[in-house]
Structure formats: structure tokens, C-alpha cells
Amino acid sequence: MGTEILTVENVAFRYAGTPVLRDVSLRVDAACTVAVTGANGSGKSTLLHLLAGVEQPAEGSVRRRAGCRLALLPQRTSGIDALPLTVAECVQIGRFRPRRRLDRDDRLAVGAILERLDLARLARRRLRELSGGQRQRALVAQALVQAADVFVLDEPTVGLDAESRRRVHDLLGERARAGAAVVYASHDTADATLADRTLRLPGAGDRTVADTTPLIRR
Ligand SMILES: Nc1ncnc2c1ncn2[C@@H]1O[C@H](COP(=O)(O)OP(=O)(O)OP(=O)(O)O)[C@@H](O)[C@H]1O
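Just so it is clear, the model here is predicted, and its values are computed rather than measured. (Residues numbered from 1 in each chain as written. Predicted model: local features only at pLDDT ≥ 70, side-chain atom pairs only at ≥ 80, totals over all residues. Heavy atoms only, no water.)

1. Focus: the domain arrangement of the protein
Note on interface size: it is often stated as the accessible area lost on association of the parts.
And then number 1: Annotation of the protein at the domain level lists domain 1 (1-69 + 149-218) and domain 2 (77-147).
And then number 2: Distance from the C-alpha centre of domain 1 to the C-alpha centre of domain 2: 24 Å.
And then number 3: The interface is formed by 18 residues belonging to domain 1 together with 13 residues belonging to domain 2.
And then number 4: Regarding the contact of domain 1 and domain 2, the summed buried area is about 1200 Å², with carbon and sulfur atoms giving 61% of it.
And then number 5: Per-residue buried area on domain 1 facing domain 2 is highest for Phe-151, Arg-167 and Leu-171; these three make up 38% of the total on that side.
And then number 6: At the junction of domain 1 and domain 2, the tally comes to 1 salt bridge.
And then number 7: Counting the contacts that link domain 1 with domain 2 gives 6 residue pairs in polar contact (both at pLDDT 80 or more).
And then number 8: At the level of secondary structure, the elements contributing two or more residues to the side of domain 1 that touches domain 2 comprise strand S6 (150-154) and helix H5 (162-177). (Domains from an automatic or database assignment. Contact = heavy atoms within 4.5 Å. Buried area = accessible area lost by both parts, 1.4 Å probe. Salt bridge = Lys/Arg side-chain N within 4 Å of Asp/Glu carboxyl O. Polar contact = N/O pair within 3.5 Å; in protein donor to acceptor, adjacent residues only side chain to side chain. Helix = DSSP H or I, 4+ residues; strand = E, 2+ residues; numbered from the N terminus.)

2. Thoughts on the packing of helix H3 (residues 104-116) against H5
And then number 1: For the pair H3 and H5, the least separation of the axes is 10 Å and the interaxial angle reads 140 degrees. It follows that H3 is oblique to H5 by the angle criterion. Here Ile-113, Glu-115 and Arg-116 of H3 lie close against H5, whose contacting residues are Arg-167, Asp-170, Leu-171, Glu-174 and Arg-175.
And then number 2: Here the contact of H3 with H5 is composed, by residue class, of 2 nonpolar, no polar and 6 charged. (Axes fitted to C-alpha atoms, helices over the stretch in contact; angles between N-to-C directions. Parallel < 35°, antiparallel > 145°, perpendicular 65-115°, else oblique. Nonpolar A, V, L, I, M, F, W, Y, C, P; charged D, E, K, R; others polar.)

Below, the structure is given as C-alpha cells:
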């Protein structure tokens, strides 16, 4: 059994009293990839927000290993377009540390991920001038360049072509093999089967929360 990084136990969540998640349990170990799947509105983004600490559960608990560094790629990222950032600057933000300049390791990490996601030739382009898929690759790069113990990624491959999806999944696998925990949301069955484990959230019309029990390993 691997090292536990994130543990979700019997979580319920409601938006203004409307239930979204009910009795969800999930354990995420180091060196493991987990796909969260389910229909539109089933609560995938909400669960990822709970994992990242952006939202708090109404019931149950979400625990992160002490000192764990978490990188989050949210689904809604339009705010960043208000800034006049280039692709390179967008990715450099992933290596930001207060009161420290980027060092050689940071620059190498940024250069490497730009290459891996076929962004090097776009490095000086403004983020808001890119195509949807190019922009998504830049935001995935910003998340994956981080020195994180756990990567929480909401629909990382949305809008990407087959080659770009393959590149992203190669990187997710590499981050896990290097010891990180990786959790990503996807509606795409092919995407989800690439993960070590899958958590399927039931749709709004379903009466029970399905398929969560096998994900708790004690
Ligand atoms: N800020 C919010 N306030 C109120 N309700 C919300 C809010 N965010 C999401 N919801 C509702 O919570 C439910 C779950 O939304 P969520 O975004 O977690 O689903 P999802 O599985 O990620 O959906 P999708 O596949 O469309 O991205 C939906 O019914 C949605 O309408």
C-alpha cells in the first residue's frame, strides 16, 4: 500500500442547501493516478474543490497529509485572461515562491514542460491570443510545472487533440511515477481508463452514490 496523501471520508456537500455530494469516500496515495468521472453536474468539480480546500464539506472529512504541496488546475480559468501574460509567464507562475527569483531549476522545469506540451514556439505569445487548445495546454503546463506532492486537475484534456491528450497523460503518469498523487476529473471514458483507479460519481437522477467503496483501501 502506498503513502496516503488525501483522504475523503463520508463527505457530503450542499450548495445553499441543495445536495451535490453524499457519502463520498476516497483515498489517494502517492504514486497513484485517480480519475473522477460522472455526468455533467454530478459533482466532479465540487469534489476537486473539496480535495484542494477551496470548499469545505458539510459532513465528513477531507484530510491532506501534513505539509503536502498541492497544485490545482480549476475548470474555470477565464480570470487569467484579464492579465497581459505570455505563455512563458503563465507557466513561470507555477514556480512562483514569495520573495524568491526563479532559479536555474525553475527555468529548466519551465523550459522542459514548454517542450513537452509543444508550447516552446508559442512561449512569447499572449495567453489570450491563443486557440482554446493551446491556451488549455498552457494552463496544464502551469499546473504540472509546480513542485507539488499532489496534482488536482479539473478536465485537463478538455478541448485537446489526440496528440496533446497523449502528451498530457504521459506527463500525468510521469508525475505519479516520480511519487506524486494525481487526481483528475474527466467525462471521457478513454481518459478515465488511463488512471490507476476510477471514482464514478452518480448522476443527479441516481439514488445512490456508486463505486466509492472500492477506493477506500485500509
Ligand atoms: N457555485 C455554485 N452555486 C450553486 N450551485 C452550484 C455551484 N457550483 C456548482 N453548482 C451545482 O452543483 C452541481 C455539481 O456541479 P459541478 O460543477 O461540481 O459538477 P461537474 O460534475 O463538475 O459538472 P461538469 O461535468 O458539467 O463540469 C451542479 O448541479 C451545479 O449546478
